[in-house]
Amino acid sequence: WLAQPALALSCIPPDLARAYIEADAAEESYLIGLGRFAFPAETLAPIPASRDLREDRSASARFEGRLFSGRGFDFETTLDVEITARCLGHWCASFAPDVEVIAFIEDHDGEFALTVGPCGGSAFAEPTHADIARIVSCHAGEACEPTKEY
């Protein structure tokens, strides 16, 4: 038997302010949505970590909710979004349908995509009023410091 190295995934905790800052600085265009995604649950369900390298998975989804206007989540919308759950070695992201989220949705000239990684950071489940206020604060140029709990 050969000794195998211990494998672990170390992640910075997902943070709304960090996600906002990264999306704002990105070359890609992002929409910030508050709503729910509908798609077959089994397509992006959790899979156990193993020694086998995993492949990214995708699902075509329907987003229903509101888009951020700069002052709040004011614009009712329905979007077709391609969700990709990425894998990093043995660890893969999962994503549940029909859960309210704040999501950072890429806009590729009217083609919409959401990429979730095993460490999270692009969709935040069950947002609170404080989470929504944090997005407004970041956009207004006010306090927008990521939490440093890691």
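Residues numbered from 1 in each chain as written. Predicted model: local features only at pLDDT ≥ 70, side-chain atom pairs only at ≥ 80, totals over all residues. Heavy atoms only, no water.

Trainee: Would you mind showing me how to read the layout of surface pockets here?
Mentor: One way to see where empty space is left: roll a probe the size of a water molecule over the atoms. Space inside the largest pocket adds up to approximately 220 Å³. Forming the walls of the largest pocket are 14 residues, and the residues nearest its centre are Glu22, Tyr30, Thr115, Gly121 and Ser122. Of all elements in the fold, only helix H1 (16-25), strand E6 (101-108) and strand E7 (111-116) reach the threshold of two or more residues within the lining of the largest pocket. Among the elements that line the lining of the largest pocket, the one with the most residues is E7, at 4 residues. (1 Å grid on protein atoms, 1.4 Å probe; cavity = no way out; pocket = protein on both sides within 12 Å on 5 of 7 lines; lining within 4 Å. Points joined across faces, edges and corners; volume = space filled by probe spheres on them. Helix = DSSP H or I, 4+ residues; strand = E, 2+ residues; numbered from the N terminus.)

Trainee: It is not clear to me how H1 should be interpreted in this structure. Could you clarify?
Mentor: Every α-helix carries 3.6 residues per turn, so stepping three or four residues along brings you back to the same face. Within the sequence span of H1, burial applies to Leu16, Ala17, Arg18, Ala19, Tyr20 and Ala23. The inward-facing, buried residues of H1 abut strand E1 (29-38), E6, strand E8 (123-125) and helix H2 (129-139). (Buried < 20%, exposed > 50% of the residue type's maximum accessible area, 1.4 Å probe, protein only. Contact = heavy atoms within 4.5 Å.)

Trainee: Help me understand the state of the cysteines in this model?
Mentor: Note: disulfide means a covalent bond formed between the sulfur atoms of two cysteine side chains. Summed over the entire model, instances satisfying the criterion amount to 3 disulfides. In this model Cys11 forms its disulfide with Cys119; the gap between the sulfur atoms is 1.8 Å. Where Cys11 bonds to Cys119 through sulfur, the torsion about that S-S bond is close to -55°, and the disulfide is left-handed. Placement of Cys11 in the segment before H1 and of Cys119 in the loop between E7 and E8 is noted, with a sequence separation of 108 residues between them. (Disulfide = S-S within 2.5 Å.)

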